[in-house]
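Structural overview for review
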Amino acid sequence: VHNSLARAALDAAAAAPDDAATFAEWVRPNWPAMATLARRLAGSGEWEDVLQDSFGAAWRKRGQFDGARGSARNWLLAITADQARKSRRRRVPWLLRDAAEASIERGTEPGGEHGEHALDLAAALGRLTERQRLAVTLHYYVGLPVADAAEVMACAPGTVKSTLSDARSRLRAELGEDYR
Amino acid sequence: MTDIDEILRSDAARWLAAQPAPPSLDAISSAATRPRGRGRVWFAVAATVLVVAAIALVPLLRSASHHASTTPIAASPQHDSAVLALDQTTFVAVHAGPPATVQLRSLSNGQLVKNLYVTAKDVTAAYALRAPDGSIVVTSGTLTGCSTRVERVDPVTGLATGVRTVAESMRYAALSPDGTKLAYLTWTSCAAQTTPPSVPAGLDQPSQSDPNVLTVLDLRTGSAVRTTISPGALGIAGANFGLSWSPDGRRIVAAGLAGTPAALLFDAAGPQLAGATRVPAPPGCSYSAPAWTTSGIIVAQTCGGVSPQKLVEISAAGVVGTAWPLPGCIDDGVLAATDPQHTRAVVQLDLGDYGPSCSASWATRIVRIDGATLTTVLTQPLGYAKFSSWAVTSG
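A brief structural summary. (Residues numbered from 1 in each chain as written. Chains lettered and ligands numbered in written order. Predicted model: local features only at pLDDT ≥ 70, side-chain atom pairs only at ≥ 80, totals over all residues. Heavy atoms only, no water.)

1. Focus: the sheet that holds strand β19 (residues 320-325) of chain B
The strands making up a sheet associate through backbone hydrogen bonding, with each pair oriented either parallel or antiparallel. Residue and element names in this part refer to chain B. Sheet architecture is open: four strands sit in the order β16-β17-β18-β19, paired in antiparallel fashion. Each end of this open sheet is capped by a strand with a single partner; those strands are β16 (285-293) and β19. Going across the sheet, the axis of each strand differs from the next one's by a mean of 25°, ignoring polarity. Inspection of the sheet shows strand β18 (residues 310-314) paired to β19 by four bridges, in the antiparallel sense. When the bridges of β19 are listed, valine 312 appears paired with alanine 323. (Pairing = 2+ DSSP bridges. Helix = DSSP H or I, 4+ residues; strand = E, 2+ residues; numbered from the N terminus. Axes fitted to C-alpha atoms, helices over the stretch in contact; angles between N-to-C directions.)

Here is the structure:
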């Protein structure tokens, strides 16, 4: 009971903890979501760096967190998305692999109908714009409701919905009628 | 075809199940206190030099002009040619594509009267606007962005005649009362001009998600006047932004800009943000989704939160007239439209799961303004996958 109460108090904190050990505990429940976002947005050779950089950035910026303005999870995910974006920008343009290739490397099985379609989808996802890909990743792969995705993306929920709608339209066009 | 929403959910479930556990937080936590490596400095310097060089070369590789072109386009094939009576009984909506379908729907019960026109398959952004002569002006932007076809569709024969193609994307298109000018928002530059080679051109720019350049295009000459109405990035406050012409065609109202609670009235002949008249919303409130009718400007008013609470009629001088309370649980997605004579308005509202007291299901509702009351024309359930599956674009 004591642990769960301490956990609840930590989750509800209006400010990020100021000592390293408590800060790590504050981040811990959101670590899997941060890892998912980093994996989806960064390449196979990059995502662990992105995750580590995200933790470091969150630690450095902990004084900026305001629980009244949003949840710890959304704040941490926004930092992770920003680190992933910076990671991509750091790469030389002609070496830039899009997320499709990264997704393919991440373990989609070659061969077979499912494998081929997964490749198609990964490639189509990789051709979305950066914000479309972020919206899709947050909503479908991290599992955030639209309102939370909007908090991460620093925009209105309607903007997320229209971005998702545009992304789905584009995916439909990319995948074609035969895709199942 | 399986819906893309279902495909994404299935892929996410498969992908998540196949992922190993994330790295130990404890190890990373301790590592975060160590000084950061400098190995990326050279990399960053090299990348910066290359990006600067690439940016410098862009104008040499592309035409510097970003104004509307006058490329003629061929007429589209004839569609179903049933005779339609455009006698104040229908409104125009666009069923999202691709391809997009321009629909006529009954103003009494929302029922589909006719699928009037189908765009090309690669069209992802379309508006259909009723002109005073009864024709429907259709704008259709392609998947690759940076190009929009403007066509005039005969509502009787279904024939589409090319008006012109413009070399940019259009959003929030509105037709002048005389049918000769198109007001819309576009981006400061085309995505294809700014994105790295491995990122295909898209409808959105990676670094600038919202269009912010108000443009008035003369459909007869192809000339355009423009003004930047927000610094860019997240310039549009959700999906409630809108443009509407004054009934005399001399001004354009814009409402729903992020950080701008007022409605802005622009001179249609030469819009300038600095010279725009501001019609301020009450303290703590904001205006969006305008429809300028002969009796006043109807706007959605939001006082706190995201959802507008009512429609209000305001004058250009800011005097508030009639108010129409809106149902609860309205999410973003408020669109308003008038008929070409600007005598009536219809408003689309997206009802959704925004807020704990609202239903988890989504629906789009069309309401008609009948004097002092709002009459629901129809309510159509929607899922995420079908959000904005169609939208009212003109009355």
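Okay, back to it.
2. Observations regarding the sheet that holds strand β11 (residues 224-228) of chain B
Residue and element names in this part refer to chain B. One open sheet accounts for four strands, arranged β8-β9-β10-β11; its pairing is antiparallel. Where the open sheet ends on each side, the last strands, each with one partner, are β8 (171-175) and β11. With direction set aside, neighbouring strand axes in the sheet form an average angle of 15°. Pairing of strand β10 (residues 213-218) with β11 involves five bridges; the strand directions are antiparallel. Note on β11: the bridge partner recorded for leucine 214 is threonine 227.

3. Re the packing of helix α8 (residues 130-141) of chain A against helix α1 (residues 4-18) of chain B
Between α8 of chain A and α1 of chain B, whose axes approach to 9 Å, the crossing angle comes to 70°. In terms of their interaxial angle, α8 of chain A and α1 of chain B are classed as roughly perpendicular. For α8 of chain A against α1 of chain B, the interelement crossing comes out right-handed. Contacts between α8 of chain A and α1 of chain B involve Val136, His139, Tyr140 and Tyr141 of chain A from the first element and Asp5, Leu8, Arg9, Asp11, Ala12, Trp15 and Leu16 of chain B from the second. Of the residues in the contact of α8 of chain A with α1 of chain B, the class split is seven nonpolar, one polar and three charged. (Parallel < 35°, antiparallel > 145°, perpendicular 65-115°, else oblique. Left-handed = near helix turned anticlockwise from the far one by under 90°. Contact = heavy atoms within 4.5 Å. Nonpolar A, V, L, I, M, F, W, Y, C, P; charged D, E, K, R; others polar.)

4. Here we look at the state of the cysteines
All names here are of chain B. Following the criterion strictly, the structure yields one disulfide over all chains and no others. Shown here is the disulfide that connects cysteine 285 with cysteine 303, its sulfur atoms set 2.0 Å apart. Here the disulfide of cysteine 285 and cysteine 303 is right-handed, its torsion about the S-S bond being about 105°. Placement of cysteine 285 in strand β16 and of cysteine 303 in strand β17 (residues 296-303) is noted, with a sequence separation of 18 residues between them. (Disulfide = S-S within 2.5 Å.)

5. Considerations on the nonpolar core
By size, the foremost hydrophobic cluster in this structure holds 58 residues, and its most contacted members are Trp26, Val27, Val136 and Tyr141 of chain A together with Leu8 of chain B. If near-sequence neighbours (up to four positions away) are discounted, valine 27 of chain A is found in contact with Met34, Phe55 and Leu76 of chain A together with Leu25 of chain B. With 17 residues, the next largest nonpolar core counts Ala174, Leu214, Ile252 and Ala268 of chain B among its residues. (Core = buried A, V, L, I, M, F, W, Y, C linked by side-chain atoms within 4.5 Å. Buried < 20%, exposed > 50% of the residue type's maximum accessible area, 1.4 Å probe, protein only.)

6. What to know about the pattern of salt bridges
Residues and elements named next belong to chain B. By the definition in use, this model includes 10 salt bridges over all chains. Residue arginine 220 is joined to aspartate 218 by a salt bridge in which the shortest nitrogen-to-oxygen separation is 3.2 Å. Look at aspartate 218 and you get buried, because its relative accessible area is 10%. (Salt bridge = Lys/Arg side-chain N within 4 Å of Asp/Glu carboxyl O.)

7. Side note on unusual backbone geometry
All names here are of chain B. Even without being glycine, tyrosine 172 reaches a positive phi, approximately 60°. Among the secondary structure elements, tyrosine 172 is positioned in strand β8. The phi dihedral of histidine 342 is positive, around 60°, even though this residue is not glycine. Within the secondary structure, histidine 342 is located in the loop between β20 (335-338) and β21 (345-351).

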